[in-house]
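Next come the chains, spelled out residue by residue.
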Amino acid sequence: MADTTAHGHILGDASARQARPVAERQLSALALSIVRVIMHSVMIGAAVTKSQDVQDLIDSQPEAVGQFLWQHIEADMQLITASCGKSFDDCLFIVHLVLQRIATKKQDNQRRRDSEEGTNWDNLLNSKKSRASWEAAFAKAYVTPIIEHLEDKVKAANQTLQSDKRFSTNPLMHLLHKSQPTSGISDSQDMCVLHTFPDVWQYRPQITIESLLQYLDRLHNVQDDNGGQTSFVLLREFLAKDHILSMVGHLPDLIRLQQVLIDQFHRRIDAAEATKMTIQEFLNKAMPDVQQLVHTFIKVWNQVRECIPSYGGIVVPRDLCSQMLDTSHSIAMMLPTRRDSGVCSTALVDFLIGTHNEMVQFYQRIAKITTRCDPIQPSDATHNHLVAYDKDKDLLPLVLSHRDYAMEAGQGTTHTFNLPALQRQIEERFLRGRPEIIRKIEQLVFRQDSHDAVVFQTLRNRIPQKSLPPSVQHQILSQLKSLSDLSDCLAVLVIAIGFLVSSPCQPDMHIRKYLHTTLSLPPEKGIQASPKAHEYCRVHHILSLWQTLAVEQACRNKQDPFDDVGQEYRADLDTTQQDNIQQALRHINVEQLIAELYEYITLNLKSSNHEEQHDVSWRIRDTLEAYMDTKYGDIDESTTEETYAAEIHGLDRYFPGELQLQHAVNAWKAVVHLSKQQL
């Protein structure tokens, strides 16, 4: 399980916190909220005299420290109220009872601390183990004794307040606590004095999933229908995961959205383009049903994002999980990949599948079910296959229908739950007969990932390649006068390369035939912008044609052609190195140097290429020669008319030996710039 703890205050802004109480580590949701409200109270007190020191503890570095912490205190109190189902005043009682215990029991607990097993920690809480140990010991000593038998403690506190002589003559106290008998409202004329009746002021706790969990905690063991004892572990597990399980029903929509995005962007968009495109820009062009899928994704992500890092599945950086998603964010967060922000989409679906499977396995283990359904593919999953329900329409009505009321003299209305019947209904409606889902998530491939070194080498092994003669290359480029035509042709080639790697064809098939017959691309999606390429080029020319067009696009385009190459390969050239390159170009085949160096950088030095490390201290000329030996090593020398030489003329003798891979990007740019000056 991933460690999401760290030094200092890392909760971020209060508005970004979960609106629903959630248990963490060894603490219940109520205990965690109480610990946090005390922590924030201490911090806001310290900020009065040492504001800068407190600000330094906070990861987000807010300008108004007091307001920042007060908002967290308000959020903590809301979570305490939701956790225990009590009024706000009663929750203040609970916090004060904990503070009272800290004040009166601190010395006794300090003397026992060193002798208690598992409560050792260093004063700076430097490790996860140390932090967890302190947290658990604090809760055990001060919080747990208060929240055990909470009803009795709150009732006793209210009785103490009522008997306090300072309030004995307060009319409001008599109203709030119904200390004076009333005859009730007899007719409509009494409505003007409605506020004088205690019943109007009586707090009636709302029945929620959290309050039912608290009820279960108070009843450690309850008799089942046969008179035996049961702890209702299945019911407790189901309700504790409700905030996640209620999102599982959206899994088919998320998978459908991923498929829509893959159909639209697979091998058609670069990572940089995806990062620049916002979700809103995508929505502006999307159909209404797709728009709804996008909003579902945003809703589910914001609900479960904080649970993903601790799940132990696909690793997502903590800073991504801390973000509340909206339409101003990049569409890259929704594209199912395993790199950069696209890991959010993959991890979200994996998390929901894993949550569903764990609940199904837990039910089967508790119910001792040996005959199980066959697992199904994610794309085949429907609402009926999943632990899926609507919390407000399905689960809460079920809980309310199993609530029983009782009237006790002097106690008012109390309620209990028919837990055995409720657990049976949850089993029957949400768990029984559900299959597990295979954890297999289809991945989107970015355009630049369709042409890395491994892909190209695989294609060469399956379909032997030939180089286009220089005269043909020049004729093709002369026909592609606009950058848009050139880019369109290149995009089509990238698609074809991706398919050829997995489904080879005859090497001498015309590229146009492969595009329009085999791949069934429409007529406008082709390479007919260059009649020469359309008529001449065959499948065994495809990598040479790609290189020709890609290099020309890089030279014409004013944007950086290596936006996915790391800074370690972008070292600047000094004046001497630039002069040495200029002298060397007089003796080197410049066109081939530009083409081969561009291809090497693009295919091998991308940030996303983790298959092989390329040392920045390697000399460019030695590396390029080795690359070309691998690339052209198996070429038949009898095809000299249609192949480049397997080496760049003059490279080993004249190219500056001091230039290393750390200079690769700027060396290529310098060669292009200087070659244009020589024309």
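Since this is a predicted model, take the numbers as computed values, not measurements. (Residues numbered from 1 in each chain as written. Predicted model: local features only at pLDDT ≥ 70, side-chain atom pairs only at ≥ 80, totals over all residues. Heavy atoms only, no water.)

Draft legend 1. Representation of the packing of helix α25 (residues 542-556) against helix α27 (residues 590-604) within the structure. Where α25 meets α27, the closest approach of the two axes is 10 Å, and the angle between their N-to-C directions is 90°. When the axes of α25 and α27 are compared, the pair comes out roughly perpendicular. Here W546, Q547, A550, V551 and A554 of α25 come into contact with α27, specifically with I594, A595, E596, Y598, E599, T602 and L603. (Axes fitted to C-alpha atoms, helices over the stretch in contact; angles between N-to-C directions. Helix = DSSP H or I, 4+ residues; strand = E, 2+ residues; numbered from the N terminus. Parallel < 35°, antiparallel > 145°, perpendicular 65-115°, else oblique. Contact = heavy atoms within 4.5 Å.)

Draft legend 2. The nonpolar core, seen in detail. Grouped together as the largest cluster of nonpolar side chains are 82 residues, with contacts concentrated most on F238, L239, W301, I308, M334, L395 and I426. Ranked by residues supplied to this core, first place goes to helix α17 (residues 343-366) with 12 residues. Contacts of W301, omitting those with residues within four sequence positions, involve I308, L320, C321, Q323, L325, M333, C344 and L348. If you look at the next biggest cluster of nonpolar residues, it comprises 74 residues, including L549, L593, L605 and Y627. (Core = buried A, V, L, I, M, F, W, Y, C linked by side-chain atoms within 4.5 Å. Buried < 20%, exposed > 50% of the residue type's maximum accessible area, 1.4 Å probe, protein only.)

Draft legend 3. Seen up close, the pattern of salt bridges. Going through the model one piece at a time under the given rule, you end up with 14 salt bridges. Where K391 meets D242, a salt bridge forms, and the shortest distance between an N and an O atom there is 3.3 Å. One end of the pair, K391, is in helix α18 (residues 391-401); the other, D242, is in helix α11 (residues 242-248), and 149 residues separate them in sequence. One salt-bridge network, in which partners are shared between bridges, spans E237, K241 and E358. (Salt bridge = Lys/Arg side-chain N within 4 Å of Asp/Glu carboxyl O.)

Draft legend 4. Expanded view of helix α1 (residues 29-46). Helix length check: α1, at 18 residues, gives a terminal C-alpha distance of 26 Å against a target of 26 Å (1.5 Å per residue), a fit within 8%. Listed as buried for α1 are A29, L30, A31, L32, S33, I34, V35, R36, V37, I38, H40 and M43. (Expected span 1.5 Å × (residues − 1).)

Draft legend 5. Just the packing of aromatic side chains, in detail. Applying the stated criterion to the full structure yields 11 aromatic pairs. With a centroid separation of 5.2 Å and an interplanar angle of 20°, the aromatic rings of W134 and F138 are classed as stacked. Of this pair, W134 and F138 both sit in helix α5 (residues 128-147), 4 residues apart, which is roughly one turn of that helix. For the ring pair Y598 and W668, a centre distance of 5.7 Å and an interplane angle of 45° mean the geometry is tilted. Note that Y598 is positioned in helix α27 and W668 in helix α30 (residues 664-678), a separation of 70 residues in sequence. The two residues Y598 and W668 agree in class, both being buried. Three or more aromatic residues joined by ring pairs make a cluster, and in this case those are W134, F138 and Y142. (Phe/Tyr/Trp six-rings, centres within 6.5 Å; stacked < 30°, edge-to-face > 60°.)

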